[in-house]
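Next come the chains, spelled out residue by residue.
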Amino acid sequence: MLLIGNCKIIIAVLYDCRGVLLFSQNLANNVNKKLSSFFLQGKRRGDKIFYIVTIGAAAYTLLMLALIVYTVGDGSQKIFSFEGIKFFTGTNWNSVEGRESFGALPYIIGTLISAGIAVAIGVPISLGIAIFLSEMASSKISTPLSFVIELLAAVPSIIYGLWALFVFRFWILNLIEMPLYNAFGQSIPFFGVTPFGLDWFTAGIVLGIMIIPIVSSICREVMRAVPNTQREAAYSLGATRWETVRIAIFPYAKSGILGAAMLGLGRAIGETMLVTLIIGNAIGAAAIPTSLFSPSQTLSSLIANEFNEASSDLHLSALIGLGAVLLIITMVINIAARLLVSRMVKVSAGVKE
Amino acid sequence: MLRSRGENLQEGPRTNYKERLQDIMLRRSSRRRLVDKVVSISAIFSVILAVILLGSILIEVVINGARALSINFLTQPPGAIGSGLGGIGPAIEGTLIVVGLASAIGAPVGVLAGIYLSEFAGNGIFPSSVRFFSDVLVGLPSIVIGIVAYLSLVLTLGSFSVWAGALALSIIMIPIVVRVTEETLKVVPNSMKEAGHSLGIPKRTIILHIVLKSAKSGVITGIILAISRIAGETAPLIMTILGTDLFFTSLTGPVDALPLRIWRLVSQPYQYAHDFGWGAALILILMVLGMSLGLRLLAHRRRFKIGTIAA
Amino acid sequence: MRNQRLLGLIAVGLLSTMIISVSASQKSFAQSQVTLNGAGATFPFPLIDTWRVAYQKVHPSVNINYQSIGSGGGVKQFTAKTVDFGASDAPLTATERKAAPGAVQIPETIGSVAIAYNVPGIPTKTLKFTGPVLADIFMGKITKWNDPQIQALNPGTSLPAANIVAVHRSDGSGTTFVWTAYLSKASPSWNQTIGASKSVPWPTGIGAPGNEGVANAINGSPNTIGYVELNYALTTGIPYALIKNAAGNFIAPSLNSTQAAVTNSPIANSLPAGDQTWTKVSLLNSPGSNTYPIATFTYLLLYKDLSTNPRLDQTKAKALVDFISWAITDGQKLAANLGYVPLPAAVVKHDQDTLKSLTFKGTPLFTGP
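Residues numbered from 1 in each chain as written. Chains lettered and ligands numbered in written order. Predicted model: local features only at pLDDT ≥ 70, side-chain atom pairs only at ≥ 80, totals over all residues.

## Section: the overall build of chain B
How we decide: By definition, any uninterrupted DSSP run of H or I lasting at least four residues is a helix, any uninterrupted run of E lasting at least two residues is a strand, and each is numbered from the N terminus. Comment: burial labels come from other C-beta atoms within 10 Å of the residue's own C-beta, placed from the backbone, where a count of 20 or more is buried, 12 or fewer is exposed, and between is partly exposed. Contact between two residues is assigned when their C-beta atoms, built from the backbone, lie within 7 Å.
The helix and strand inventory of chain B stands at 13 helices and 0 strands. Listing each helix as α and each strand as β along chain B from the N terminus yields α-α-α-α-α-α-α-α-α-α-α-α-α. The buried share of chain B, reckoned over its 311 residues, is 52%. Here the contacts in chain B between residues at least 6 apart in sequence split such that 73% fall between residues at least 24 apart.

Written out as structure tokens, the structure reads:
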């Protein structure tokens, strides 16, 4: 018995030794390879460093987002534990000590409707401009015009705000709002409030104007990128210009145009200073518009108005909570845009085949 | 004429069909022409509308802004409020510093990340999330970024500072540069990279000296776009740099900037302050345009020298 | 291509000229330059800014930077110690004092809130209002200009049958605090439903940023009414109303009527010490036949031991105290021209007592009388 036990032990130890030997042999080989490659191919090291640097830069992007999510999440913890889900559905906004109550619903509505009008006005006009520039105009007109529109995309949005406050607001007031109010104000409540020029309607229109340069530039680029063969094929079949655009260009350009529209939507939702100058800055339940001419408030404009002033912890947390809502809305729009674009790419790919 | 032909039912069904088709096509063709005309007119109308509106903005800025321009206006600090004296010198200097610092951080990081996404990465979870979250960051309202910069930098460091402002602006800038760089680099034909590999050139040299060089104009366009965007951002600056009437003294102290100064000037009750605001807006636009044209010029300069196929 | 090049060269040239001229005109900062950063109320901003320029002529090495971000912002940044001093129209509440222990309040000037309106055909200082009526207007209970309650106060004036648009501040502000404090005193219903604060849930009307935003909104549209600080009303020439005071007289806001509010106020002669609570200090509805009922102090905020704020060193702390000492004495000579009421002698003395109590790590800083 003892003998067999001893043999087993000896065999086990031998196996271990063999394993160790093999392992160390392997290790020596690897080290040898590494050392020789290290000295023979120094450029590999440079490549590796470069690779690490670029991956670090990419990771930095994620790090920034993590910082944003963490800061916003941490800062809004207080309000969410205070209000809970009611923060998304409530309509109060009271920071008076002892009576605090905060609800973001009116501003979510304000953000969505003003951005909605912006896209509803801005995207069709941008498409019209893009069609004009890519299909209709001679290069003598289209080159300088597209250059100018591209330059306009660089105009800071606060300048749109100044112009809207001092000039455009009166155009809208006198040309659109007053006539509508005088004609329908008594009969239809939607036109019922005394128009002032500072309301969600004006804000939406100015936002739409603001996104025109960007959206139209992208649409024009996307449409121009469609190969001429497609156009020529359509024309040779006897299509009119509009039909050519519809048949030959839109299928290719659809995802790009949608991307441009989403970009415009994102800009419209995120715009702060311009909105706070002309939206009328209503608070609480009064911010839910009952008429075309009601003042309203968006998430961004409320943050801009109150953030510098908010001294109570809960008020500050409520404003950061609005930031969290904006973050969520932005992510939702991005996910929706991706899904839509990928579906369009699939469809058009199917059509091509 | 056609209708009378079609009514002649004594002819066979085939002829009837052809004539009816011709009939439909002619009627349809006038409807098609009508639709085409309507669309063309709408397109022209959109262009005219946009030209009127956007032109009105430019005209307002130029007319109102030119009124305020003078050497004093460009170089002096603001005088006492209500006096009408002074200018926006610190704001111009501050914009150059903050935007310059933000670009110095944002441009290299963005380009490098874009290089990673297009040259090294596939479609794994890490690169896909970088792409997705870059898109999210591009669309994120800048005021949220301002809040984050305030909470993480201003409060922790105990001061409104250039760093906080530059950080906030760089967070806005980087995703734009990343996406544009990635898209531009992807377009460079593989044949160039393969040629480089076959010559034994290390990958980093291929990327930096061949691929990047040929995509240079696209990458620079992306950087210009990003800088134009951040030069005009007001909301993040409100929360991070406080603003000041003094010229730049230190990176850890408050600084002024044009968008912020415009916002504050417009909030004053004096006509001269409004004029100054328009003047500052004009200067801001001129600076952004100047930078954009200048950078484009720098990017294209080589093309004239070498004259070879750059891409 | 060539044109683009030329344009680009011009642009670059323009830019470099600007940079060169800016840096050439920059003052070279000697070692002894001191910069004081403050932030807070928009109401005293024109005065503090004038002080900034005037004080530099007397003490060229001291640079003051005051940014008007609103009273709430002033309190917040003062508490967070991101600025050297704060300014607020509203005294610190109990919660705010707890968050910033050792805070001291020094009133540096006095102003009042004017009710501005824009009703076509009705000139300035013609309309009369009382506190309760104004509260009802801003609550949305009185909706038309020719409402019987308004008409009763203004029998000789023909008021239009138009809707009233009430304009308020969209940014949290000390002016709002003073205004809502007045409305809370005038109307129990307002006090119950809305209350007094730098930022309240307005039931109706348009919000505009800053005093100027409100003035703009009123100037730009008919049938509007809103509240602005007196000096902004005087500067923009906007019509303002007569308000019924505690003695029953309808008084227009002016330097004299505001000053009367201070001198006649019982509180002004028994002000709390700088480091105590000032929440009971109110110049609203002061007695006196010519007193304007909506007057207010505005305060500078400092820490009693200035070293509490890590931004301040001995030199800066001394410079700050010297500046405030100048502001409440010599600086007051500049107040009247700008539409601010100079501090009465009793208040100046009280402020000097407060300044005497300020220290830097135990060393007293005030070297004045």
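## What about the interface of chain C and chain B?
How big an interface is tends to be stated in terms of the accessible area lost upon association of its parts. The criterion, for reference: In this classification, the charged set is Asp, Glu, Lys and Arg, the nonpolar set is Ala, Val, Leu, Ile, Met, Phe, Trp, Tyr, Cys and Pro, and all remaining amino acids, among them Gly, are polar.
At the junction of the two partners, chain C supplies 41 residues and chain B supplies 35 residues. In terms of residues, the side of chain C that touches chain B owes the most to one element, helix α1 (residues 2–25) of chain C, which gives 12 residues. Residues belonging to the side of chain C that touches chain B are distributed by class as follows: 19 nonpolar, 16 polar and 6 charged.

## A look at the pairing of strand β8 (residues 224–229) of chain C
Along a regular strand, successive side chains alternate from one face of the sheet to the other. Residue and element names in this part refer to chain C. Stated precisely, the cut-off is as follows: Two strands are counted as paired when DSSP detects at least two bridges linking them.
Of all 6 residues that make up β8, 6 are buried, and the element is covered over most of its length. Both faces of β8 are covered, namely the face carrying Thr224, Gly226 and Val228 and the face carrying Ile225, Tyr227 and Glu229. Note that strand β4 (residues 103–118) and β8 share 6 bridges and pair antiparallel. Each residue of the ladder has a partner; that of Tyr117, found in β8, is Ile225. Across 3 bridges, strand β6 (residues 165–169) lies against β8 in parallel orientation. Its bridge partner being in β8, Val165 is matched across the sheet by Thr224.

## Regarding the packing of helix α8 (residues 190–198) of chain B against helix α9 (residues 203–214) of chain B
Residues and elements named next belong to chain B. Short version of the rule: Every axis corresponds to a line fitted to the C-alpha atoms, with the helix fit spanning only the stretch in contact, and the corresponding angles, defined between N-to-C directions, vary from 0 to 180 degrees. Orientation labels follow simple angle bins: below 35 degrees gives roughly parallel, above 145 gives roughly antiparallel, 65 to 115 gives roughly perpendicular, and whatever is left gives oblique. Two helices cross in a left-handed way if the nearer one is turned anticlockwise from the farther one by less than a right angle. They cross in a right-handed way if the turn is clockwise.
Direction vectors running N to C along α8 and α9 enclose 155°, while the axes themselves pass 11 Å from each other. As the angle between them shows, α8 and α9 are arranged roughly antiparallel. The handedness of the crossing between α8 and α9 comes out as right-handed. Here Met192, Lys193 and Gly196 of α8 lie close against α9, whose contacting residues are Ile206, Ile210, Val211 and Ser214.

## Description of helix α7 (residues 174–186) of chain C
The criterion, for reference: Each residue after the first adds 1.5 Å to the expected span of a helix.
Helix length check: α7(C) (13 residues) gives 18 Å between terminal C-alpha atoms against 18 Å at 1.5 Å per residue, within 8%. The buried count for α7(C) comes to 12 of 13 residues, which makes it a mostly enclosed element.

## Observations regarding the sheet that holds strand β11 (residues 295–303) of chain C
Residue and element names in this part refer to chain C. On the basis of which strands lie adjacent, the open sheet formed by 8 strands has the order β2-β1-β3-β11-β4-β8-β6-β7 and mixed pairing. Edge positions in the open sheet fall to β2 (62–68) and β7 (206–208), since each of these has one partner strand only. When the angles between neighbouring strand axes are averaged without regard to direction, this sheet yields 25°. Helix α12 (residues 314–328) rests against β1 (34–40), β2, β3 (85–88), β4 and β11 of the sheet, and its axis sits at about 60° to β1.

## Comments concerning the nonpolar core
In a soluble, globular protein the nonpolar side chains are often hidden away together inside. Keep this limit in mind: Buried Ala, Val, Leu, Ile, Met, Phe, Trp, Tyr and Cys residues form a nonpolar core when they are connected through C-beta atoms within 7 Å. Source of the domain bounds: an automatic or database domain assignment.
If you look at the biggest cluster of nonpolar residues, it comprises 306 residues, and the most contacted ones within it are Val206(A) and Ile115(C). Each of two domains, domain 1 (1–83) and domain 2 (86–352) of chain A, supplies a minimum of three residues to this core.

## Examining the interface of chain B and chain A
Each partner contributes residues to the interface: chain B has 71 residues there, and chain A has 62 residues. The residue inventory of the side of chain B that touches chain A, partitioned by class, reads 50 nonpolar, 14 polar and 7 charged.

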